[in-house]
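Coordinates in review
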Amino acid sequence: TIEDSPLDLLHDCGFLKWWSRRLHLWESKFPFSQFLEPAAERTQYAPDDHEQMLICFGDRVAGGLHRRPDGNALLTDSNMLACHGFYDFAYGGKMLDRIVDLWRPPTCQLSELELMMKTKLVEVFVDMNRRLFDALPGMLIEENGRSSLMIEEASGVAFLKGAMSWVYKQFADHSAGMTQLGHFMTDMTSKWAVCPLQPLNTTGSRDLDLALDKEDDFYKDYMKEAYSEWTGEKNGVPGEVCQPTDLFGSPSDGCQVCDLSVMEANAPEAYFDESFICPIRPMLPATMQLEVLKKKEGLCPLHMDHRTQVRDHWQYRGIFPTIKQFDRAENHPKKYFQTIHTLEKHASVDEFGVSWDFYKFARGCTVEERRVWPRWCASPEVRNKQTISKKLWEALRTSKDVTVGGAQTVTDALQLTNVSVNNPNEVDRWETFKEWSGHQLHKSWYNMNKLFSFRRQRRHGREYNSTFGSREAHGLMWASSFQRFQGLERSKGEDTIAQTTVNAEDRYQRYTVVCPCAAGDPEEDFNIRFQWSEAALQLLRKAFQKSDIAILGPAVKLDIGLRGVASLYSEKGGHGTHWRTHAQWNAHYTLQDGQVGHLPWTFSKSQSLRVMSGAEEEFGLAYLEVDDLFGYTAAFRCGKKMKLYSSDAEATPVDHAEPFQSCVMRGARANEENRKRLAAAGTPHALFEDQYTVHVVFSPLGPCECHGKDSIVGGSEFSLAHRTLKDACSACSNATEHVLGELTKDPEYDGTFVGAGAGANQAKEVLIEPADVASLLGWK
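Below, the structure is looked at part by part. (Residues numbered from 1 in each chain as written. Predicted model: local features only at pLDDT ≥ 70, side-chain atom pairs only at ≥ 80, totals over all residues. Heavy atoms only, no water.)

**Structural notes on a nonpolar patch on the surface**
On the surface, Trp18, Trp19, Leu23 and Trp26 cluster together into a nonpolar patch covering about 460 Å² of accessible area. The residue Trp19 is located in helix α2 (residues 13-29) in this model. (Patch = residues over 30% accessible without salt bridge, like charges linked within 9 Å, V, L, I, M, F, W, Y side chains within 5 Å. Areas by Shrake-Rupley, 256 points an atom, 1.4 Å probe, with all protein chains shown as cover. Salt bridge = Lys/Arg side-chain N within 4 Å of Asp/Glu carboxyl O. Helix = DSSP H or I, 4+ residues; strand = E, 2+ residues; numbered from the N terminus.)

Put into structure tokens, the structure is as follows:
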């Protein structure tokens, strides 16, 4: 080793003489002035004088040694297939630093490439084996004496003779042997043997094992695939095959573990004293792995939220490829992790112009939440589900010619409305029906947005953001992946032979956990829950606005009813009819001392209540139908969530129940304090026993009520509206005086009917945060 400076060496006569001889020897054996010379027409691409550095990837820069004919020297070919440059020495040095940073073992870049090369290598070997067996019939036939190149189809006795031939038996014997070999080799440990072996002074199994390289898990895993043609055993796609688990203490949770990969310490080789692991079985790309998990019916992966990832040091680092990617540590799922339902994928560009794949996902219940209130973790139960109207509108929308003659695409749907598309006398009814269909479509969109006040917008945004999220695919899959220790350390002694081999490194299993989740469409489930929780809040506000808080505030049970009312009037001069619609509400309550009270049915001009009862009048009420009006009650209970879910919640004595107002205010404070506590502990979704909620149960009212003039009810039809009223009165009970009130005093009055039954797509029950109720009613 030369330790002197260049200046000192130039003053050292002995060194200069030695260096002169070495330089002369080098020039005599390698008398070239340049390594690369471009073709004449490409000289303009030659590097400048200062750009003298070319960097090439490969096991070695030179290719195989060979000797030219009549030559007296061995030569090598330069590997030009994976080169980059030309650089000056300063920038070339920087590129070399980058190469070291990227390909050092802890980044797992090298491990990933090694797996790719092994895969390609063994695929060629396996293909050689399969080609041999594909060729065996022809080879055996050739050995058995066939000489003609023509192949003719056998029949009759010749076919039987061919099927029972010696060639068939010989081939079957070969296949049976391969089947036996395949079963024998599957799951067998594989190792690399590199000559020469280390010198051995003993024939003990431990020393022999240590003389070989460490166990190669990839070949062991691929063995099953290699012999699958004969054994029928195949490796599944990572995450495709899952096994039941009792990770959370109970197999009844329905969760399953899905293996993703095997990780090994110091793979492919140790790097100084840095602790790391890398995959030794290929992992699927994140988008492909998410799609595999997405196909599991009724099962969704558990997911760590960002705060928990930070707390547990379990964050995706792939965005920085030169740092260590995988920690040598365990990370187990917790019962307070939420499930996620992956939805659509979309591409997005970040601030640096890099395109990434993002997934929208919906959050579901945790494992412990599903244990204590499984019904509230499922898709909401719905009354009066609107399915036919969707199909009807889709048929109308896709019909190219919406006329009587071109109505064949909606024939089945029209039969539901008693409209005959083949009867020319009903053209007017068909045109009316088309207008009515458009009215229904507009109405559905209008109702969804009618009550979208600023308060509602803010609540909707908060609820939506807590239910749905969007995350880059790699980060999302990482947050849904876990790791457990699998193998034993080499230092643990000969006991390791029973599980792996004596010179094995630490191994970890990479896996995900899927648990039962709501089977419905998350967007539809959210819309139903939010729409009807908002309807419940509107009813509460109306009841407390129009009554003394001293009456309803102390109530331990509160039921608020709502129904739509429509009255038909004839135009002056008999030139038509029109409907006038109204909303009615009432309330029943029970106090802590058992006293029961009620507020009578009251007409309301509130546009929100009219929308909720089906009695809005924004789109052509000439086409009002009986089923357009609803009638239902909302039963409000406030209390601890676990207690309200239990089957005996309704049987709780009223003197043990807390008054509605004080329960709401207490619940809002308790929930906020507990959530802050859990967030500080890094477990924001953990269950807490004293969680409060406002539970609302919707129930349909019935039967419908109707009143009509005798000339309408008992007479002939005058219009479509008159027929609607007549049909209503034949199906409903007689309307009482408290319904009619002043309506009948109008000289143009023809009749009234009152809605009954659940609203369209009405949830049977919803839960509301006490803080939302307190904010709406101004309680502090």
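**A word on the pattern of salt bridges**
Evaluation of the coordinates by the stated rule reveals 23 salt bridges. As a salt-bridge pair, Lys676 and Glu672 come within 3.5 Å of each other at their nearest N and O atoms. Taken together, the residues Lys676 and Glu672, both in helix α23 (residues 660-680) and four residues apart, mark about one turn of the helix. Connected through shared salt-bridge partners, Arg459, Arg462, Glu463, Glu534 and Asp772 make up one network.

**What to know about the packing of aromatic side chains**
In the structure shown here, the tally under the stated rule is 25 aromatic pairs. Ring geometry for Trp532 versus Phe698: centroids 5.4 Å apart, planes at 70 degrees, classification edge-to-face. Here Phe698 lies in strand β19 (residues 692-700) and Trp532 lies in helix α19 (residues 522-545), a separation of 166 residues in the sequence. As far as burial versus exposure is concerned, Trp532 and Phe698 are alike and both buried. Ring-pair connections join several aromatic residues into one group, and the members of that group are Trp314, Tyr316, Phe326 and Trp478. A cation over an aromatic ring shows up here: Arg484 above the ring of Tyr511, its NZ or CZ 4.6 Å from the ring centre. Against the face of Trp601 rests Arg563, its NZ or CZ located 4.0 Å from the ring centre. (Phe/Tyr/Trp six-rings, centres within 6.5 Å; stacked < 30°, edge-to-face > 60°. Buried < 20%, exposed > 50% of the residue type's maximum accessible area, 1.4 Å probe, protein only. Lys NZ or Arg CZ within 6 Å of the ring centre and 35° of its normal.)

**What about unusual backbone geometry?**
In this structure, Phe86 follows Gly85 across a cis peptide bond, with omega equal to 0 degrees. If you trace the backbone, Phe86 turns up in strand β4 (residues 83-87). The amide bond that connects Ala267 to the next residue, Pro268, takes the cis arrangement and shows omega of 5 degrees. Structurally, Pro268 is set in the loop between β6 (256-265) and β7 (277-279). Residues other than glycine seldom take positive phi values, yet Phe272 does so here, at roughly 50 degrees. Secondary-structure assignment places Phe272 in the loop between β6 and β7.

**Notes on the environment of Leu290**
Tracing the backbone shows Leu290 in helix α10 (residues 286-294). In the structure, Leu290 is positioned 69 residues away from Tyr359 in sequence and 9.1 Å away in space, judged by C-alpha atoms.

**Structural notes on the state of the cysteines**
If you walk through the whole model with that rule in mind, you get nine disulfides. Here Cys242 pairs with Cys258 through a disulfide, and the sulfurs are 2.0 Å apart. Judged by the sign of its S-S torsion, about 105 degrees, the bond between Cys242 and Cys258 is right-handed. With a gap of 16 residues between them, Cys242 in strand β5 (residues 242-244) and Cys258 in strand β6 connect regions that are remote in the sequence. Considered together, Cys242 and Cys258 belong to a single accessibility category, that of buried residues. Paired by a disulfide, Cys706 and Cys729 hold their sulfur atoms 2.0 Å apart. Residues Cys706 and Cys729 are joined by a disulfide whose S-S torsion is about -55 degrees; by sign, that bridge is left-handed. Here the residue Cys706 occupies a position in strand β20 (residues 705-708), and Cys729 occupies one in helix α25 (residues 720-731), the gap between them amounting to 23 residues. This pair shows no difference in class: Cys706 is buried, exactly as Cys729 is. (Disulfide = S-S within 2.5 Å.)

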